[in-house]
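Here is what each chain is made of, one letter per residue.
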Amino acid sequence: MTFTEWFIFFIVVQVLHFLGTWKLYVKAGRKAWEAAIPIYNGVVLMQMIKRPKWWTILLFIPVVNLLMFPVIWIETIRTFGFYKKIDSLLVIVTLGFYIYYINYTADASFHENRSLKPRSELGEWISSITFAVIAATLVHTYFIQPFTIPTSSLEKTLLVGDYLFVSKFHYGARVPSTVIAAPMVHDSIPLTGLASYLKKPQLPYTRLPGLQKIKNNDIVCFNWPVDSLKTMWGDNSGEFTYKPVDKRTNYVKRCVAIAGDSLELRDGYVYINGKKNVLPERAKLQFYYTYEAKGPITRNTFPKFVISKERTGVYKVLNKYWNDTRVQEAFEKAANLTKISNDSLYTEVAGGVSQGLAAKLKIVSVENKININLTEEEAARLRKHPQTASLTKLTFGADKAIFPHVEKLGWSQDNFGPIYIPKAGASVQLNTETLPFYEQIIKNYENNSLSVVGDDIFINGEKADSYTFKQDYYWLMGDNRHNSLDARYWGYVPFDHVLGKPVMVWFSWDANAPSFGAKIKSIRWDRMFTTVGGDGKPVSYRYIVFALIAIYIGYSFFKPKKKATKK
């Protein structure tokens, strides 16, 4: 829906409100016309039902207002004497239109001095939970939202099993475009798999002013632009997407290039405007290397310094066992697999595979060669290890899966570019060679019609040889260069897909641990309440937070006793 369509919808809602409540306003000692003035009618209604005037603001905040409307409907009918549970049920089921019945046919009287206290313990519980959900929804949507890290693309900076607080206000909170959605969940209802939202109606894209702009090397949380794989790998056979922008999968990557930059990748290293990108101290680039040892590799002979909580060892899985789907599922989230010979797969296992499971699957040691993911510092140490015969960084050849999916470019995940990162207001020349870089932007991100007839390009029915961008775009990649699904495969991330800036790790454990007990033991206490951005070691506030929690618990415990003593 456009802004004009939403304005018309807003006027219609105001008319419906007036027609359904003007008699109730009169019975409350107000004027009928006061029910017809937008916003003012809400302020007057709050006075009538004895609720704070600022509640009116909540009625105009997307998503939050969906929770507030039922509250206001129930408060309104109770103000006029309709306290029964059936009345509350009817006003909710009829989406508020039960108030028309009260307004025109029922013998309603204004209860100016009614008690706002719930009439039962159940009612008190429901009231408390409702307002807790409303407050949480407001905070999650416009201020701070918790997220979890499911993949290792930013390994060393962010670990699998980290739980983040993501700031919505640093880059400006994005007003949800999906109007009707369940609170406190993303795209599906837990345990059901059902969509948690309706695709229509949709609000036009709107964003509140931010405190700062996205900078090079910022870690950014965003909605995955291609939530359907149909437009990746050069396959454009289906629809662009099946979800609204704000309901697409949440991703977190490092913004290596911002709008207006020229980006190039050489041997896996990023160059911005011709200069090698200098990452923050906390960022640790990782690449796959083929490690060849002087003798058979086992858990005992494998160099200890590359084994950690996130990297537990190396194994050889014979094909006859690997072909069991249960084996595949067991390793799906925990292993990086490489087939080195015809009869086996060699794997560096990243967490979660117990020795018991290894024994059951007949997993044995590898011979003397394995592919392993290492930082440059780890690679340098491994080369000096007495058991090392050789260590060679993997190289990858041309791949059509790499954006913009043009085979003749010969680009690979380690070498491509230069490529321009579009900036709002900037223009580029369009022809059949440059179009693949900007086709998705023109059609899907900026909603134009696009067609190509021979060598001629038509945008919105008019022949075009250039295009001017409507918004900024960014290039987001993982530090784990050989194990990250990122912009190299899907291209640019539009600013309207940006969710926010991760600011703190509030909890962390090994998400791949085989049992809940093992997960408890794997809690990374040193990462709790640590900052995400900046140089130097992460700053931890866990002791301050724990102290505040203890003070609050103590205050909550002694306050009731103090009141009882006074009585």
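Preceding this paragraph is the structure being described.
Residues numbered from 1 in each chain as written. Predicted model: local features only at pLDDT ≥ 70, side-chain atom pairs only at ≥ 80, totals over all residues. Heavy atoms only, no water.

**Q** Hey, could you run me through the overall build of the protein chain in this one?
**A** Along the protein chain, the regular secondary structure elements total 15 helices and 25 strands. At a minimum sequence separation of 6, the contacts of the protein chain that also span at least 24 residues come to 68%. If you sum the accessible surface of the protein chain, you get close to 29400 Å²; carbon and sulfur atoms cover 60% of it. (Helix = DSSP H or I, 4+ residues; strand = E, 2+ residues; numbered from the N terminus. Contact = heavy atoms within 4.5 Å. Areas by Shrake-Rupley, 256 points an atom, 1.4 Å probe, with all protein chains shown as cover.)

**Q** Would you explain the packing of aromatic side chains in this entry?
**A** Aromatic ring pairs are reported here in terms of the distance separating the ring centres and the angle at which the planes meet. Applying the stated rule across the entire model yields 36 aromatic pairs. Within the aromatic cluster, the residues linked to one another by ring pairs are Phe403, Trp411, Phe416, Phe437, Tyr438, Tyr445, Tyr467, Phe469, Tyr473, Trp475 and Tyr492. Across the ring face of Phe495, the terminal group of Arg207 is positioned such that the distance to the ring centre comes to 4.3 Å. Stacked on the ring of Tyr271, the Lys or Arg Arg266 has its end atom at 3.9 Å from the ring centre. (Phe/Tyr/Trp six-rings, centres within 6.5 Å; stacked < 30°, edge-to-face > 60°. Lys NZ or Arg CZ within 6 Å of the ring centre and 35° of its normal.)

**Q** Would you take a moment to explain the sheet that holds strand S18 (residues 450–453) for this structure?
**A** Pairing between sheet strands relies on hydrogen bonds along the backbone, with the strands arranged either parallel or antiparallel. The three strands are arranged S18-S19-S20 in an open sheet whose pairing can be described as antiparallel. The open sheet has two edge strands with one neighbour each: S18 and strand S20 (462–463). Pairing of S18 with strand S19 (residues 456–459) involves four bridges; the strand directions are antiparallel. Across the sheet, Val453 pairs through a bridge with Asp456, a residue of S19. Those strands touched by helix H12 (residues 435–445) are S18 and S19, and its axis lies near 145° from that of S18. (Pairing = 2+ DSSP bridges. Axes fitted to C-alpha atoms, helices over the stretch in contact; angles between N-to-C directions.)

**Q** I tried to follow H12 on my own but got confused; where do I start?
**A** Every α-helix winds through 3.6 residues per turn, so residues three or four apart in the chain are directed the same way. Every buried residue of H12 is accounted for by Leu435, Phe437, Tyr438, Gln440, Ile441, Ile442 and Tyr445. A positive phi of about 55° marks Asn447, the residue just after H12. (Buried < 20%, exposed > 50% of the residue type's maximum accessible area, 1.4 Å probe, protein only.)

**Q** Mind showing me how you'd approach empty space enclosed by the protein here?
**A** Sizing a probe to match a water molecule and rolling it over the atoms shows the empty space that remains. Under the defined criterion, the tally for this structure stands at one cavity of 30 Å³ or more. Taken as a whole, the largest cavity spans an internal volume of roughly 40 Å³. Lining the largest cavity we find Asp399, Lys400, Ile402, Phe403, His405, Val406, Glu407, Leu409, Gly410 and Trp411. Looking at the lining of the largest cavity residue by residue, the class counts come to five nonpolar, two polar and three charged. (1 Å grid on protein atoms, 1.4 Å probe; cavity = no way out; pocket = protein on both sides within 12 Å on 5 of 7 lines; lining within 4 Å. Points joined across faces, edges and corners; volume = space filled by probe spheres on them. Nonpolar A, V, L, I, M, F, W, Y, C, P; charged D, E, K, R; others polar.)

**Q** Just to check I follow, could you spell out the pairing of strand S10 (residues 286–293) for this structure?
**A** In summary, the side chains of a regular strand alternate between the two faces of the sheet. For S10, a buried count of six out of eight residues is recorded, marking the element as mostly surrounded by other parts of the structure. With seven bridges connecting them, S10 and strand S14 (residues 369–375) associate as antiparallel partners. By the bridge assignment for S14, Tyr291 is matched with Ile370. Strand direction decides the pairing type here: S10 and strand S15 (residues 388–393), joined by five bridges, are antiparallel. Its bridge partner lying in S15, Thr290 is registered against Thr392.

**Q** Hey, could you run me through the pattern of salt bridges in this one?
**A** As a working rule, side chains carrying opposite charge can pair if their charged atoms are close by. Within the structure shown, the criterion is met by 14 salt bridges. A salt bridge links Asp479 to Arg254; the shortest N-O distance between them is 2.8 Å. Separated by 225 residues along the polypeptide, Asp479 in the loop between strand S22 (473–477) and helix H13 (487–490) and Arg254 in strand S6 (residues 250–257) bring together distant segments of the chain. Residue classification places Asp479 among the buried residues on the basis of a relative accessible area of 0%. A residue is classified by how much of its surface remains accessible, and Arg254, at 2% relative accessible area, is buried. We note a salt bridge from Arg266 to Glu264, for which the minimum N-O separation is 3.4 Å. Classification of Arg266 by relative accessible area gives partly exposed; the value is 34%. Three or more residues are tied together by salt bridges with common partners; here these are Arg51, Glu75 and Arg114. (Salt bridge = Lys/Arg side-chain N within 4 Å of Asp/Glu carboxyl O.)

**Q** I keep staring at the sheet that holds strand S7 (residues 262–266) and nothing clicks. Help me out?
**A** The strand order across the open sheet built from four strands is S9-S8-S7-S16, with neighbouring strands paired in antiparallel fashion. Each edge of the open sheet carries a strand with a single partner, namely strand S9 (275–276) and strand S16 (416–420). Pairing analysis gives three bridges linking S7 to S16, with the strands arranged antiparallel. Pairing of Ser262 across the sheet is with Tyr420, part of S16.

**Q** Can you walk me through the packing of helix H4 (residues 64–79) against helix H7 (residues 121–142) in this structure?
**A** Geometry of a packed helix pair, given as the angle between the helix axes and the separation of the axes. For the pair H4 and H7, the least separation of the axes is 9 Å and the interaxial angle reads 160°. Put simply, H4 runs roughly antiparallel to H7. Here H4 runs over H7; the crossing is left-handed. Across from Val64, Leu67, Met68 and Val71 in H4, the residues of H7 making contact are Thr130, Phe131, Val133, Ile134, Thr137, Leu138 and Tyr142. (Parallel < 35°, antiparallel > 145°, perpendicular 65-115°, else oblique. Left-handed = near helix turned anticlockwise from the far one by under 90°.)

**Q** Help me understand the nonpolar core, please; the structure alone is not making it clear to me.
**A** Nonpolar side chains in soluble globular proteins tend to end up buried together. Counting 47 residues, the largest nonpolar core has Leu263, Ile419, Tyr438, Trp475 and Tyr492 as the members making the most contacts within it. Among the elements that line this core, the one with the most residues is H12, at six residues. Ile61, Leu67, Ile134 and Val175 belong to the second largest nonpolar core, which has 33 residues in total. (Core = buried A, V, L, I, M, F, W, Y, C linked by side-chain atoms within 4.5 Å.)

**Q** Whenever I open this one, the side chain of Glu446 confuses me. Can you help?
**A** Along the chain, Glu446 turns up in the loop between H12 and S18. In this view, Glu446 contacts Ile441, Tyr467, Thr468, Phe469, Lys470, Gln471 and Tyr473; residues no more than four positions away in its chain are not counted.

**Q** Would you mind showing me how to read a nonpolar patch on the surface here?
**A** On the surface, a nonpolar cluster with roughly 900 Å² of combined accessible area is contributed by Phe7, Ile8, Ile11, Val12, Val15, Leu16, Leu19, Leu95, Phe97 and Tyr104. With seven residues, the single largest contributor to the nonpolar patch is helix H1 (residues 3–27). Summarising the element assignment, Val12 is placed in helix H1. (Patch = residues over 30% accessible without salt bridge, like charges linked within 9 Å, V, L, I, M, F, W, Y side chains within 5 Å.)

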